[in-house]
Amino acid sequence: MKKTILLIFLSFSFFLFAESTFTVMDAPNDDGSALIINWNIDHPDLVKIVLQKEKANGEIVVLVETDQQFGKYVDGESVTAGTEYGYQLYAFDSADQQIAKYEGFGTAKVQWFNTNKISLLFMVVVLTAAIVYFIFSAKSGKELYIRKISGLESMDESVGRATEMGKPILFVPGILDLNDMQTIAGLTILGHLAVKTAQYDTKLIVPVCRSMVLSTAKEIVKESYLKAGRPDAYDPDSVFYLTDDQFGFVAGVDGIIVREKPAANFYLGAFYAESLILAETGFASGAIQTAGTAMPSQLPFFVAACDYTLIGEELFAASAYLSKEPHQLGSLKGQDLGKAIFVIVLTAGIIMEIFGIHFLKNFLTLH
Amino acid sequence: MKRQIPLIITFLVGFIVIFSEFIPQRFFGQISSTLEEWFLIISGFAIILGQLSLFKVNFLKIKFKQPNWPYYIVTLISFVVMVGFGAFWGTETSSGFLGDGAKIVATLGDKPFDYLFHNVYQHLSATMFSLLAFFIASAAYRAFIARNVESNLLLIAAVLVMLGNTSLGSALTGWLPESLKFLHLPRISEFIMKYPNTAGQRAIMIGAGLGLIGSSLRIILGIERSYLGGK
């Protein structure tokens, strides 16, 4: 009974003492280009709310017209950091008579750190520390074990097969531009492959889908031939541009596969729907095929149609793996340690969630 | 020096882009967007290099009558015709040197470039995409051949998912009582796609994400230099 009376009293006291609020505050974690306006208007006759802003030149701009008694508006239009802006909120009743007016002022500030991304920073720092530690560890002469990646071990086999058969090697560095990391990873592998084709005097065909990739791939292949001591064997037309169009490119590459019948095909980079068309055409031509991409939706196609597939991270690890340089291998080891840490964090997160502790999930969620 | 300058530029640009992710200062954001604009400008110029490469490679093959040289004539003619039509009469959103070609539009119903784009290019593109259906069938046939434990599991999962997504799957298990609802093929299919499939895809994505960070760090710190050519 006492509890019921207390509850009724509290309910009424809420209505008795409830106050309308209107606040203008700086938007957090931004470059000082937004202000957040919150309102909660408690008035029984309220029908309409009009929020307006007074610009620096005195001009009045209506920002919101709503019937919501509480709400939030983020003003990101022509807000300059350090300048004070005034906002007015008018409440109207059903007869369109003004029943209340509220005024607030706010100044947008520039923040120095985006606290929403603290977990991302934490992960980057942990991974960087692990990589740097193992690089120094490798430099000090410590033996590092790196698991065998059969897709990369097969490179010699592919080049050898092509040399024996007197047929070319086809290399496709994906269909995205140089701003995609997969393309860069593919091109670094091209550099290693070109050294081998130069050494074995095997023809290399590199059709590309983007003009920027063309320039880079040409330079990489040229440098590789120089490195192998065979600059005379470098054919500037071995790397050529086909088209930016996805299916036009596929048609071109398929044509090359059918006509030239390469002994080995490499598809290393970013691929979309064309992955299976390329890989199946290559399979039909009887080529030994190695593919690698970080596109999860395309990996099953490559796995089904190619002899070797570099799955996700293996593509990015390829260059370090092939170089056999201690500091590059050290970075791979650091990457593996980072992976182990994340597995532990994920497992801990799952266990904590099962027990209703949401700290880790909230910490790792990017807002 | 030839090698040091690109490495310094890579280091600085890499760190600015990373900082701009965490520091919401306008300065970093502006540099980051300026760098993206530069990339677009450079790729704009690189398109010319691409077109020149396309023209040169095809022209030389025709000139020296290399095997299958008539195919390269088709490529060159297509290239010249599309560039010419685009330059003379423009495209859907722009005018060419000779205006909009009102008379041609009255005859064809479209500008020449757009006419070829809609009536030739789009159909060829759709044809290439359609090939995927046949290639999926041939690749699936090979992938689902029962050879070992893994391929058997793959075969079972594939059959369950395929059946579960058809009306046959519902018909086959529709008679099961409510207590055995979890054995309904559409439910099994949904379970496979929602849990084991998503878990596998996420594992690959997490691995790829870590590999990407590792790879980027190697490039930014100058450990990985093969993208510059050579060692």
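See above for the structure.
First things first, this report covers the structure right here in the doc. (Residues numbered from 1 in each chain as written. Chains lettered and ligands numbered in written order. Predicted model: local features only at pLDDT ≥ 70, side-chain atom pairs only at ≥ 80, totals over all residues. Heavy atoms only, no water.)

1. Concerning the overall build of chain A
The test is simple: Here a strand is any run of E in DSSP of at least two residues, a helix any run of H or I of at least four, and the numbering for each starts at the N terminus. What the globule rule says is 2.2 Å times the number of residues to the power 0.38, and the radius of gyration is computed from C-alpha atoms. Throughout this description, buried means an accessible area under 20% of the type-specific maximum (1.4 Å probe, protein chains only), exposed means over 50%, and partly exposed covers the range between. We call two residues in contact when some of their heavy atoms are within 4.5 Å. All accessible-area figures derive from a Shrake-Rupley calculation using a 1.4 Å probe, and residue coverage is judged against the displayed protein chains alone. A positive count includes Lys and Arg, and a negative count includes Asp and Glu. His and the chain ends are not counted in either. Lys charges are placed at NZ, Arg charges at CZ, Asp charges at CG and Glu charges at CD.
A tally of helices and strands in chain A yields 11 helices and 13 strands. Its C-alpha radius of gyration of 31 Å places chain A more than 25% over the 21 Å reference for a compact globule of 367 residues. If you line up chain A on its principal axes, its C-alpha atoms span 90 × 45 × 40 Å. The buried share of chain A, taken over its 367 residues, is 50%. Considering only contacts within chain A whose residues lie at least 6 apart along the sequence, 66% involve residues at least 24 apart. With an accessible surface of roughly 17400 Å², chain A has 60% of that area assigned to carbon and sulfur atoms. Computed over 28 positive and 41 negative side-chain charges, the separation of the two mean positions in chain A equals 8 Å.

2. Remarks on the side chain of Ser-319 of chain A
Where we set the bar: Any pair of N or O atoms that falls within 3.5 Å is considered a polar contact. Within protein, one atom must be able to donate a hydrogen and the other to accept it, and sequence-neighbouring residues count only if both atoms are side-chain atoms.
Within the fold, Ser-319 of chain A resides in helix α9 (residues 313-323). At 2.7 Å, the side chain of Ser-319 of chain A and the side chain of Glu-224 of chain B are in polar contact. Leaving out residues up to four positions away in the same chain, Ser-319 of chain A has contacts with Thr-188, His-192 and Gln-328 of chain A together with Glu-224 and Ser-226 of chain B.

3. Considering the interface of chain A and chain B
Selection criterion: Buried area is a sum: the accessible area each of two parts loses on coming together, probed at 1.4 Å, counted once for each and added. Salt bridges are identified by distance alone: a Lys or Arg side-chain nitrogen within 4 Å of an Asp or Glu carboxyl oxygen. Each residue is assigned to one class: nonpolar for Ala, Val, Leu, Ile, Met, Phe, Trp, Tyr, Cys and Pro, charged for Asp, Glu, Lys and Arg, and polar for all the others, Gly among them.
Counting from both sides, the interface comprises 73 residues of chain A and, opposite them, 59 residues of chain B. Carbon and sulfur atoms make up 68% of the area that chain A and chain B hide from each other, which totals about 5600 Å². A per-residue breakdown of the area chain A buries against chain B is headed by Met-181, Met-212 and Arg-259 of chain A, which together make up 10% of the total. When the shortest N-O distance is used, the salt bridge between Glu-21 of chain B and Lys-117 of chain A registers 2.7 Å. Class assignment of the residues belonging to the side of chain A that touches chain B gives a composition of 39 nonpolar, 20 polar and 14 charged.

4. With respect to the side chain of Asp-26 of chain A
Residues and elements named next belong to chain A. Tracing the backbone through its elements, the reader meets Asp-26 in strand β1 (residues 21-26). At 3.1 Å, the side chain of Asp-26 and the backbone nitrogen of Lys-109 are in polar contact. Side-chain polar atoms of Asp-26 contact the side chain of Gln-111, separated by 2.9 Å. Residue contacts for Asp-26: discarding those within four places in its chain leaves Ala-34, Leu-35, Thr-107, Ala-108, Lys-109 and Gln-111.

5. A short note on the state of the cysteines
Here is the rule we go by: Any pair of cysteine sulfurs within 2.5 Å is marked as a disulfide.
A full pass over the atoms with the stated rule returns zero disulfides over all chains. Not engaged in a disulfide, the cysteine Cys-209 of chain A finds its nearest cysteine sulfur in Cys-306 of chain A; these two sulfurs lie 18 Å apart.

6. Overview of the layout of surface pockets
Our working rule: In this analysis the probe radius is 1.4 Å and the grid spacing 1 Å, with only protein atoms considered; a cavity is a set of points the probe fits into but cannot get out of, a pocket is an open set with protein on both sides within 12 Å along at least five of seven lines, and lining residues have an atom within 4 Å of a point. Grid points are joined across faces, edges and corners, and a volume is the space filled by probe spheres set on the points.
Of the pockets and cavities examined, the largest pocket occupies roughly 1800 Å³. Among the secondary structure elements, those contributing two or more residues to the lining of the largest pocket are α2 (118-139), α4 (181-200) and α5 (211-227) of chain A together with α1 (4-22), α2 (26-63) and α9 (196-220) of chain B. In terms of residue count, α1 of chain B provides more of the lining of the largest pocket than any other element does, 10 residues in total. Per-class residue counts for the lining of the largest pocket are 25 nonpolar, eight polar and three charged.

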